[in-house]
Amino acid sequence: MKIVKDGGTMIDESPEDCQRFFANEGFIHYVGMLNPPRPGVLDCFQTLENSYFHPGTPRNHLFILRVLEWMDILWGVVSIPIGEKHLMERSAQLNRLKVADGVPTMFVDDGAYHFPVSNERVFTLENIRGHPIYHL
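As the structure is a prediction and not an experimental result, all values here were calculated from the model.

Analysis parameters
- Residues numbered from 1 in each chain as written.
- Predicted model: local features only at pLDDT ≥ 70, side-chain atom pairs only at ≥ 80, totals over all residues.
- Heavy atoms only, no water.
- Salt bridge = Lys/Arg side-chain N within 4 Å of Asp/Glu carboxyl O.
- Helix = DSSP H or I, 4+ residues; strand = E, 2+ residues; numbered from the N terminus.
- Buried < 20%, exposed > 50% of the residue type's maximum accessible area, 1.4 Å probe, protein only.
- Pairing = 2+ DSSP bridges.
- Axes fitted to C-alpha atoms, helices over the stretch in contact; angles between N-to-C directions.
- Core = buried A, V, L, I, M, F, W, Y, C linked by side-chain atoms within 4.5 Å.
- Polar contact = N/O pair within 3.5 Å; in protein donor to acceptor, adjacent residues only side chain to side chain.
- Contact = heavy atoms within 4.5 Å.

**Let's talk about the pattern of salt bridges**
In step 1: This model, assessed by the stated rule, comprises 6 salt bridges.
In step 2: With a shortest N-O distance of 2.8 Å, R66 and E13 are connected by a salt bridge. Residue R66 is located in strand β4 (residues 64-70), and its partner E13 is located in the loop between β2 (10-12) and α1 (15-23); the two are separated by 53 residues in the primary sequence. For the pair R66 and E13, a shared accessibility class is recorded, and that class is buried.

Structure (structure tokens):
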């Protein structure tokens, strides 16, 4: 998995480091589609970082973005301290998204596939009911 470091540099993260991080009960994680883009996801990530975890400040180290390709889709996973989950909920709402329980699941001919990172602290960003994307 790739992790975005300060300044936007992407580096590879070992599977062991990744698993160790997601086992840390101090963080909560939010998955969103980046490409093809789910409307509002990138804006939500930017709202969260720029409003509460300002780049160039010590707090920015608490905002962790991972990027991975899964099922031919580019996904972003934002991790923040679990005690600050209300900040993501507010950012999601501002961007007409909701925080859905669970991870993305893809259904294809040979079965169901679940997102490769999953635990009780991983959630998915989805568009709210009535979002303009559903009226196209």
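**Description of the sheet that holds strand β6 (residues 97-101)**
In step 1: Read from one edge of the open sheet, 7 strands run β2-β1-β4-β5-β3-β9-β6, paired in mixed fashion. For this open sheet the edge positions go to β2 and β6, each flanked by a neighbour on one side alone. Taken pair by pair, the neighbouring strands of this sheet meet at an average axis angle of 30°, ignoring direction.
In step 2: As judged from the 3 bridges shared by strand β3 (residues 27-35) and strand β9 (residues 122-127), these two strands associate in the parallel manner. Within β9, the position partnered with V31 by the bridge is T124.

**Side note on the nonpolar core**
In step 1: Judged by nonpolar contacts, the single largest core of 19 residues is most densely connected at L48, V78, I80, M88 and L125.
In step 2: Looking at this core, the element that brings in the most residues is helix α2 (residues 41-52), giving 5 residues.

**Observations concerning the side chain of E13**
In step 1: By relative accessible area, E13 is classed as buried at 12%.
In step 2: One polar contact links E13 to R66, side chain to side chain, over a distance of 2.8 Å.
In step 3: Among all residues touching E13, those that are not within four sequence positions of it are M1, I3, C18 and R66.

**Structural notes on unusual backbone geometry**
In step 1: P36 follows N35 through a cis peptide bond whose omega is 5°.
In step 2: For P36, the position within the fold is in the loop between β3 and α2.
In step 3: Positioned with a positive phi, D72 is a non-glycine residue whose angle comes to about 60°.
In step 4: Summarising the element assignment, D72 is placed in the loop between β4 and β5 (73-81).

**What about the pairing of strand β7 (residues 105-108)?**
In step 1: Relative to strand β8 (residues 111-114), β7 runs antiparallel, the two sharing 4 bridges. By the bridge assignment, T105 is partnered in β8 with H114.
In step 2: Connecting β7 to the antiparallel partner β8 that follows it, the hairpin turn spans 2 residues.

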